[in-house]
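# A structural walkthrough
One-letter residues, chain by chain:
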Amino acid sequence: MEKGDHIAVIGNSLAERFQHDGWMETYIQASRPEDDLTIRNLGYSGDQVHYRPRSHEGFGSADSHLSRIKANVIFSFFGYNESFEDDPELFKKQLAAWIDHTRSQKYDANKAPRIVMFSPIAHENLKSPNYPDGVENNRRLLAYSQAMAEVAKVKKVAYVDLFTVSKDMYAKASSPLTINGIHLNENGNRQIAGYIAKTLFGTTGSLQGAQLDSLRSAVMNKDWHWFKRYRTTSGNDVWGTRSSQDGNKATLGRELVMIDTLTANRDRLIWARAKGKDKKVDDSNMPDPIIVGTHITRDVKYLDPVEAISKMTVPKDLQVNLFASEKEFPEIAKPVAMQVDAKGRIWVASWADYPKWEPGKKLNDRLVYLTDEDGDGKADKATTFAYVSNPTGFEFWNNGVIVISAPDVLYLKDTDGDGVADYQERLFGGIGSDDTHHTANNLIYGPDGNIYYQRGIFILENVETPYRRSEESGTPGLYRFNPRTSDFSYVVENTPNSHGISFDRWGNQFLTDGTTGKAFQVYVDRKVTSRSDVSVYAKRPLFEQTVRPVCANTLLASSHFPADYWNSFMLLNVIGYQGIKRYYLDYKPEGVISGREAENFLYTGNDPAFRPNSEASPRVVTADYKGDPNFRPSDALTGPDGALYFSDWHNAVITHSPYNLRDASRDQTHGRIYRVTAKNRPLLTPAKIAGEPIERLLELFKSNEDEVRHRVRVELSGRESGQVIAAAEKWVKGLDINKKEDVLPMLEILWLYQQHNRKNPELLRLMLKAPEQQARIAAQKVAWAWSDRNTHFVGGSDSKIVGMQFRTFYESFWKNPEAASDPAAQHAHAGHTAEQPASAPQVILDLTKDAVAKLTIEPAMLKFSVNQFDVKAGQPVELTLNNSDLMLHNLLIVEPGAADEVAAQAIDLGDKGQQKAWIPDSKKILHATKLLDSKQVEVLKFTAPSKPGDYQFICTFPGHGPTMRGIMRVK
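Residues numbered from 1 in each chain as written. Predicted model: local features only at pLDDT ≥ 70, side-chain atom pairs only at ≥ 80, totals over all residues. Heavy atoms only, no water.

The name given to the chain in an unreviewed UniProt entry is Membrane-bound dehydrogenase-like protein, with Ravibacter arvi as the source organism.

### Topic: helix H5 (residues 88–103)
Here H5 spans 22 Å end to end across 16 residues, near enough to the 22 Å set by a 1.5 Å rise per residue. Looking at H5, one finds that the buried residues are Phe91, Lys92, Gln94, Leu95, Ala96, Ala97, Trp98, Ile99, His101 and Thr102. Contact partners of the buried residues in H5: strand S1 (6–11), helix H3 (62–68), strand S3 (73–77), helix H4 (80–83), strand S4 (114–118) and helix H6 (135–155). (Helix = DSSP H or I, 4+ residues; strand = E, 2+ residues; numbered from the N terminus. Expected span 1.5 Å × (residues − 1). Buried < 20%, exposed > 50% of the residue type's maximum accessible area, 1.4 Å probe, protein only. Contact = heavy atoms within 4.5 Å.)

### Describing the side chain of Asn41
Here Asn41 lies in strand S2 (residues 38–41). Overall, the relative accessible area of 5% leaves Asn41 in the buried class. Here Gln19 takes part through its side chain, which lies 3.4 Å from a polar atom of the side chain of Asn41. Apart from residues no more than four positions distant in its own chain, Asn41 is found in contact with Val9, Ala15, Glu16, Phe18, Gln19, Trp226 and Tyr230. (Polar contact = N/O pair within 3.5 Å; in protein donor to acceptor, adjacent residues only side chain to side chain.)

### Looking at the nonpolar core
Within soluble globular proteins, side chains that are nonpolar tend to cluster in buried spots. Counting 54 residues, the largest nonpolar core has Phe394 and Ile402 as the members making the most contacts within it. Those residues in contact with Ile402 that lie beyond four places of it in its chain are Gly393, Phe394, Glu395, Trp397, Val409, Leu410, Tyr411, Leu427, Leu443, Ile451, Phe481 and Pro483. (Core = buried A, V, L, I, M, F, W, Y, C linked by side-chain atoms within 4.5 Å.)

### Points about the UniProt feature "domain: Blue (type 1) copper" (unreviewed entry) in the chain
If you check UniProt for "domain: Blue (type 1) copper" (unreviewed entry), the listed places come out as residues 854–970 in our numbering. Annotated as residues 854–970, this span is 8% helix and 38% strand, and its ends, taken at the C-alpha atoms, are 14 Å apart. (UniProt positions renumbered as here; feature names shortened; annotations may be inferred.)

### Brief notes about the pattern of salt bridges
Evaluated as defined, the whole model comprises 58 salt bridges. Ionic pairing is found between Lys334 and Asp667, a salt bridge with its closest N-O pair at 2.6 Å. Separated by 333 residues along the polypeptide, Lys334 in the loop between strand S7 (318–325) and strand S8 (335–340) and Asp667 in the loop between strand S32 (644–648) and strand S33 (672–678) bring together distant segments of the chain. The two residues Lys334 and Asp667 agree in class, both being buried. (Salt bridge = Lys/Arg side-chain N within 4 Å of Asp/Glu carboxyl O.)

### A look at the pairing of S4
Most of S4 is tucked away, with four of its five residues classed as buried. Bridge count for S3 against S4 is five bridges, and the pairing is parallel. Paired with Val73 across the strands is Arg114, a residue of S4. Taken together, the three bridges between S4 and strand S5 (residues 158–160) define a ladder with parallel strand orientation. Looking at the pairing, Val116 lines up with Ala158 of S5. (Pairing = 2+ DSSP bridges.)

### Topic: the sheet that holds S8
Pairing is antiparallel across the open sheet formed by four strands, whose spatial order is S8-S9-S10-S11. One side of each edge strand has no neighbouring strand; the edge strands of this open sheet are S8 and strand S11 (381–387). Averaged over all pairs of adjacent strands, the angle between their axes in this sheet comes to 25°, without regard to strand direction. Pairing geometry for strand S9 (residues 346–350) and strand S10 (residues 366–371), over five bridges, is antiparallel. (Axes fitted to C-alpha atoms, helices over the stretch in contact; angles between N-to-C directions.)

### Topic: a negative patch on the surface
A cluster of like negative charges, contributed by Glu373, Asp374, Asp376 and Asp380, occupies part of the molecular surface. Relative to the elements of secondary structure, Glu373 occurs in the loop between S10 and S11. (Patch = residues over 30% accessible without salt bridge, like charges linked within 9 Å, V, L, I, M, F, W, Y side chains within 5 Å. Areas by Shrake-Rupley, 256 points an atom, 1.4 Å probe, with all protein chains shown as cover. Lys, Arg positive; Asp, Glu negative; His and termini not counted. Charge placed at Lys NZ, Arg CZ, Asp CG, Glu CD.)

### Some thoughts on the sheet that holds strand S42 (residues 937–943)
One open sheet accounts for three strands, arranged S35-S39-S42; its pairing is mixed. Looking at strand neighbours, the two that pair on one side only are strand S35 (853–857) and S42, the edges of this open sheet. Going from strand to strand, the sheet's axes swing by 15° on average, the running direction of each strand aside. Both S35 and strand S39 (residues 876–882) contribute to a ladder of five bridges, which runs parallel. The residue bridging Ala853 from the neighbouring strand is Val877, located in S39.

### Some thoughts on the packing of aromatic side chains
The tally for this structure, following the rule as stated, stands at 46 aromatic pairs. Here the aromatic rings of Phe59 and Trp239 are separated by 5.6 Å at their centres, their planes lie at 90°, and the arrangement is edge-to-face. Separated by 180 residues along the polypeptide, Phe59 in the loop between S2 and H3 and Trp239 in the loop between helix H10 (235–238) and helix H11 (248–274) bring together distant segments of the chain. Here Phe59 matches Trp239 in class, with each residue buried. Put simply, the rings of Phe428, Tyr453, Tyr479, Phe481, Phe488 and Tyr490 touch in pairs and so form one group of aromatic residues. Above the plane of the ring of Tyr44 lies Arg231, whose end atom (NZ or CZ) is 3.6 Å from the centre. Across the ring face of Tyr369, the terminal group of Arg345 is positioned such that the distance to the ring centre comes to 4.1 Å. (Phe/Tyr/Trp six-rings, centres within 6.5 Å; stacked < 30°, edge-to-face > 60°. Lys NZ or Arg CZ within 6 Å of the ring centre and 35° of its normal.)

### With respect to the UniProt feature "domain: DUF7133" (unreviewed entry) in the chain
Feature annotation in UniProt places "domain: DUF7133" (unreviewed entry) on residues 305–543 and 628–679, given in this structure's numbering. In this annotation, residues 305–543 is assigned 2% helix and 48% strand; the end-to-end C-alpha distance for the span is 33 Å. Counting secondary structure, residues 628–679 comes out at 0% helix and 35% strand; the distance between its end C-alpha atoms is 24 Å.

### Quick notes on the pairing of S2
With burial as the criterion, each face of S2 is covered, one bearing Thr38 and Arg40 and the other bearing Ile39 and Asn41. Of the pairings in the sheet, the one linking S1 to S2 comprises four bridges and is parallel in character. Within S2, the position partnered with Val9 by the bridge is Asn41.

### Let's talk about unusual backbone geometry
Note the cis peptide between Ala406 and Pro407, where omega equals 15°. Position of Pro407 relative to the elements: it lies in the loop between strand S13 (400–405) and strand S14 (408–413). A cis amide bond links Thr495 to the next residue, Pro496, at an omega of 5°. Mapped onto the elements, Pro496 comes out in the loop between strand S21 (487–493) and strand S22 (498–503). Backbone geometry places Ala109, a non-glycine residue, at a positive phi of 65°. If you trace the backbone, Ala109 turns up in the loop between H5 and S4. Owing to a relative accessible area of 71%, Ala109 belongs among the exposed residues under this scheme.

Pasting the structure below:
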């Protein structure tokens, strides 16, 4: 090591997670205090030495990042993800190719970097029924470690064997060193980091106690800033498809420079503390941000939260009161998600920094819980449980909270009883963070013990687990993970911008898509033949789409409300119809559930059909408008008193696109929680759940309130599984499957076995014969989970997936040998063969034999119904655009390769876009429709160009162009 070296840490989750605990750099800096080393972590969940996928090529290649940080030393941590290929000889070739390529580079503009290769760590046997024992993984990992050692010897590269030493550490440890067998916990990170420092430098340094802790604190603070830079959230707006919109690239690009400066400033503090000294961080050299104006031209007035109630329209038998607002509790600004805990407290995910943290400012995103101490239906106290960036969804589990902070899934816990989180664990990395607007959201603890979430387009996930190769997926839709077993799976597609998950009392799952407002029932599609028995998840429409865009959905199953409201499906809509829609659910044979529109539940103003349903152009509020234009219902839940609580995001700007992410009108201070109750009906007495004996909790499974039973499941997730199952086994014997009132409690016990990763075949057989059809359907899902049939799926990850057309695949130095003769196959991630539901096929029409090429194209879910149509040069064409969607759309036919240019020009129209139908002045536009509202139709009649080629058709309405496009092939 030389003074002033720049060390790059690259690799998979093992590398990535080092920065979050800080021990590796702490020990390295402490062991080399005079060297003033600069260390940057480029680790990335799912990475392989030859294959490092990113959602968009604009993220930059591995070489570009190494050059930017001027790396002259590289620590590489590969081998785990590659090992699932079970081909050590292929791995040798990949390593050798990478070494040769790396030695041909001069990232510091001076000379080739020095390389240290670290083997993968061993898989720790946690001796738990919840995790694999690691025997098979270790067989492969040993072979891959040996292969790496052989390549290192041949190539004369420094090599450190972490496999053998970690295996020895596991054997000597008094407690686990990993969280799931493959990912190190803090103690494991510390031990491995110490070994690395001693192996490379012969020591971990002389710092001890407070001085060592102080150094580590500085390292972690630097790494926090660096992670915000390298793994910048909403990258799609920084370097992706939306970076061209409204100056995002320049604005957010400047912020990267700002974070680089903040990171470098913290290097100096690290160097000082490594020497046993201290230094004040001076950030006065941070460049100024680019000041952004606003597209909002109206006079924005934020109504008093109580006054806003007077603008709401609700049924005559309901009433609304303010539970909490930013006036008393500024902590709840921008409430994006809500939950209720076992103590009956309303929790809020406050996303005050939306759409992302700004460099140089204090982090304000947080989890907050509100306490109604006197039971008057109004919050009396707000407590910040934890500060968490981009908390797009959270759920309680195991006496703590699981929260999304993309790209991570965090588990937070209060261990000392002061009501504030003091323990944090990263359950998973690799959650897509490329667009915070579309990232994992609406977390919910399912009856099967999985945490479910949805995510949208433009993001690529790559999650590592102890079970199989990394879960790489670009498919929008529903996903799940099991926090007890660390398993992960794709479930079903829901495109383009999926938000909203709920379960009814029988475990039927419902989804909504934010962009389109469509709702679906998720079901199991089982096909049995003489040769196979295959089940997959599928979805079917729940009802005809009526509003958009939707933030969330919920089931209202509270006996506080009149019978007509029982088991109502609720949609929270934020544009046009700004309020909560209600639908009846009809349960039909074969498990089919359909919805019927009921009386509007709640909306602002006096016109429930108010349009527009898009605010891509600045909204014009007329003098006769009676509502609150800033009212944006974002989430809802049933409280312990049976009332419906809902959050109001409350913002003049609701769209992520096409407004600049730093548009001056984006509000960061307002946020309200309202409470809806039924007039002249008693509230429910809150059930005692927190800390209650297991036997009393089981009795609560007899409750008719869905909210109570859900909270009981969550509470029991934190109890010792052996005690829970023993009590449940005894308790269920007192129930009778032939008694109607016992069927649901018995189903809850069956689910309880699932939640604790146990089986009860006898109870399952009983439930499969239950007199209630819905109970039998639920039991069939459990039977599938406990069978040897495949229940794991992987989403699509190729460039044909909506929003993935610019994604990256293999490293430049590596070509997939098996696909050498097929360029398209070069971009297939070999080995992702887990069975999955088929995606929609490409629609290609050959119209070349028709006298007149007639076709109809319909927009749906941010896609056109036709991907390509073929015509002859000079052939008459009649193209009908039938806008059956709820959003505004146009269709432009442009010259070959001009789609991106024209789409960018449309965005540049800014406030003039609407009046020009988002059609820019460009000679490359050959034909164009008007901007069609919902249900409108237009026929384009033209003659196909005389010159053959792949002409493009595209919708240039803001935000639609990246996915709504196709080819007109002229032959």
